[in-house]
Amino acid sequence: MTAEPHNTTRLRGLKKRSQFLRAARGIRAGRASFALQAIASEHELPGIGFTVTKKTGNSPERNRIKRRLRAAAGACATGFQPQHDYVLVGRREALAAPFDELVNDLTGLLTRVHTKKADGLRNQRP
RNA sequence: CCAGUUGACCGGGUGACCGCUCCACGUAAGUGGAGAGGAAAGUCCGGGCUCCAUCGAAAUACGGUGCCGGCUAACGGCCGGCGAGGGCGACCUCAGGGAAAGUGCCACAGAAAGCAAACUACCCCGUUCCGACGGGGAAAAGGUGAAAGGGUGCGGUAAGAGCGCACCGCGGACCUGGCAACAGGGACGGCACGGCAAACCCCACCGGGAGCAAGACCAAAUAGGGAUGACGCGGCGCAAGCCAGCCGGUUUUCGAGGCCUGUCAUCCGGGUUGGUUGCAUAAGGCCCUUGGUAACAAGGGUCUCAGAUGAAUGGUCACCACGCGGGGGCAACCCCGCCCUACAGAACCCGGCUUACAGGUCAACUGGCGUU
């Protein structure tokens with residue numbers, strides 16, 4: 001599977017704690033303002049969730065980080081592959097980072113994650 | 001104009017593009033509407049509501065509150081008043097019931113810390129080896145302390161002392177004003193009655209517990225706990241029925257012993273997951289009138305005002321306002337840059353309290369300076 005864009009932009013929100021824990025076992029990649037976790041799933045639509053821990057800041061700051069990440073995810077929604085779950089872990093730098101940087105980081109991380117995954121699959125085969 | 005006190009309020013705006021949640025309409029595509037706070041916070045009090053317990057109430061224990069009057073559904077809240085302390089003043093602060101019900105404590109220092117006593121020093125008498133010692137008087141002086149048993153002055157005395165007197169303080173029958181807390185006056189009393197109740201305690205009043213993850217309902221799948229009914233093998237019996245066993249399960253393991261005993265259907269019960277409800281028309285907001293100093297109450301009009309659940313109420317950009325810095329200009333103002341704004345995000349709902357808060361607005365009042 002390559003990282004070529006698909007035509008649907010619809011995303012499926014992750015809601016259960018078990019879904020988040022499962023995604024945490026997947027492939028990880030990070031930048032200054034957030035980290036990305038991805039894992040294969042059975043659903044056709046790509047699933048996406050957001051995690052900002054309490055030590056990142058107080059409630060308005062955490063809300064703002066989530067909203068900016070959600071907007072960035074909407075901006076490059078075509079980069080998410082079907083049959084995968086993604087979790088974005090927000091960091092404090094996401095509060096002040098320029099929006100274009102967030103979008104660029106996310107698209108870069110998406111391609112990186114998927115090439116990593118392809119390499120992993122190749123290595124598993126003897 | 002400067003300095004200050006108190007109270008109330010705002011706490012960004014507009015536009016464009018792209019989105020989220022709910023509601024209404026629509027078969028649908030979609031269209032329209034609504035969408036965080038003054039503290040949503042801390043979870044410190046008080047309620048509504050729900051379940052549990054309980055006949056209801058009271059008492060014991062425990063906890064809370066504590067000047068007086070009022071307001072309120074209620075409060076530890078609010079309003080008004082009183083007292084004490086602070087400030088030139090506007091005004092601010094207050095764990096503000098009872099110390100003659102009882103118990104206890106009052107560190108250090110000091111002779112002595114609650115009952116009156118007496119270390120130094122004072123006075124008188126006696127003795128004397130002239131250093132002092134003994135007996136008595138007295139509580140003014142010294143020193144200690146947060147506090148030393150009224151203060152100051154005069155008289156008085158051997159020295160002194162409310163011993164006597166004047167003023168002040170204290171207690172105080174009673175009188176006056178006030179609903180009251182309390183305030184004012186005060187015969188009389190020679191002074192007796194120190195402080196701590198954020199020490200125990202006493203008095204008065206209040207309080208059952210847990211909380212929306214409360215609670216109610218629905219649907220799935222899973223496990224197979226209980227009840228009822230039907231059906232089956234062996235023995236006995238005409239029958240209804242009774243009895244025993246095989247297989248298996250359970251009793252933590254093994255043995256013994258005990259118990260249940262198979263299949264199907266229905267109902268009940270239990271936990272898990274998901275959904276619905278609880279859930280926003282309420283001690284409701286705004287405006288006006290009346291009563292009240294006020295808190296507030298009564299009446300009338302008008303409005304419907306967030307309902308998420310990995311949790312919506314936004315993201316990006318531009319301009320403007322405000323503020324700050326720099327430059328130009330006599331000035332009004334103009335240009336550039338920065339922050340593109342504080343504290344902070346509803347989670348069942350109300351009434352309060354407390355804490356946080358960049359910047360700004362208004363009103364009333366106080367003190368000072370200047371002008372008329």
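Refer to the structure presented above.
Right, let's walk through the structure included here. (Residues numbered from 1 in each chain as written. Chains lettered and ligands numbered in written order. Predicted model: local features only at pLDDT ≥ 70, side-chain atom pairs only at ≥ 80, totals over all residues. Heavy atoms only, no water.)

1. Things to note about the side chain of D105
Rule in force here: Secondary structure is summarised from DSSP: a helix means a run of H or I of at least four residues, a strand means a run of E of at least two, and numbering begins at the N terminus for each. Using a 1.4 Å probe on the protein chains alone, a residue whose accessible area is under 20% of its type maximum counts as buried, one over 50% counts as exposed, and one in between counts as partly exposed. Within 3.5 Å is the distance limit for a polar contact, defined as a pair of N or O atoms, with the added protein rule that one can donate a hydrogen and the other accept it, and that residues adjacent in sequence qualify only through two side-chain atoms. What makes two residues a contact is simply this: any of their non-hydrogen atoms within 4.5 Å.
Relative to the elements of secondary structure, D105 occurs in helix 3 (residues 99-124). On the basis of relative accessibility, which here comes to 11%, the residue D105 falls in the buried class. At 3.0 Å, the side chain of D105 and the side chain of R31 are in polar contact. The residues contacting D105, other than those within four sequence positions of it, are R31, S33 and F34.

2. Describing the protein's contact with RNA strand B
What counts here: Throughout this document, a residue counts as near a molecule or strand when at least one of its heavy atoms sits within 4 Å of that molecule or strand. Amino acid classes used here: Ala, Val, Leu, Ile, Met, Phe, Trp, Tyr, Cys and Pro are nonpolar; Asp, Glu, Lys and Arg are charged; the rest, including Gly, are polar.
Taken together, 17 residues are adjacent to RNA strand B, and L14, K16, N63, R64 and R68 come closest. The separation between a phosphate oxygen of RNA strand B and a polar side-chain atom of R70 is 3.3 Å. Of all the secondary structure elements, the ones that give two or more residues to the surface near RNA strand B are helix 1 (17-24), strand 4 (47-51) and helix 2 (59-75). By residue number, the principal contributor to the surface near RNA strand B is helix 2, which donates eight residues. Tallied by class, residues from the surface near RNA strand B come to six nonpolar, four polar and seven charged.

3. Regarding the environment of Q37
Examined against the element boundaries, Q37 turns out to sit in strand 3 (residues 34-40). Look at Q37 and you get buried, because its relative accessible area is 9%.

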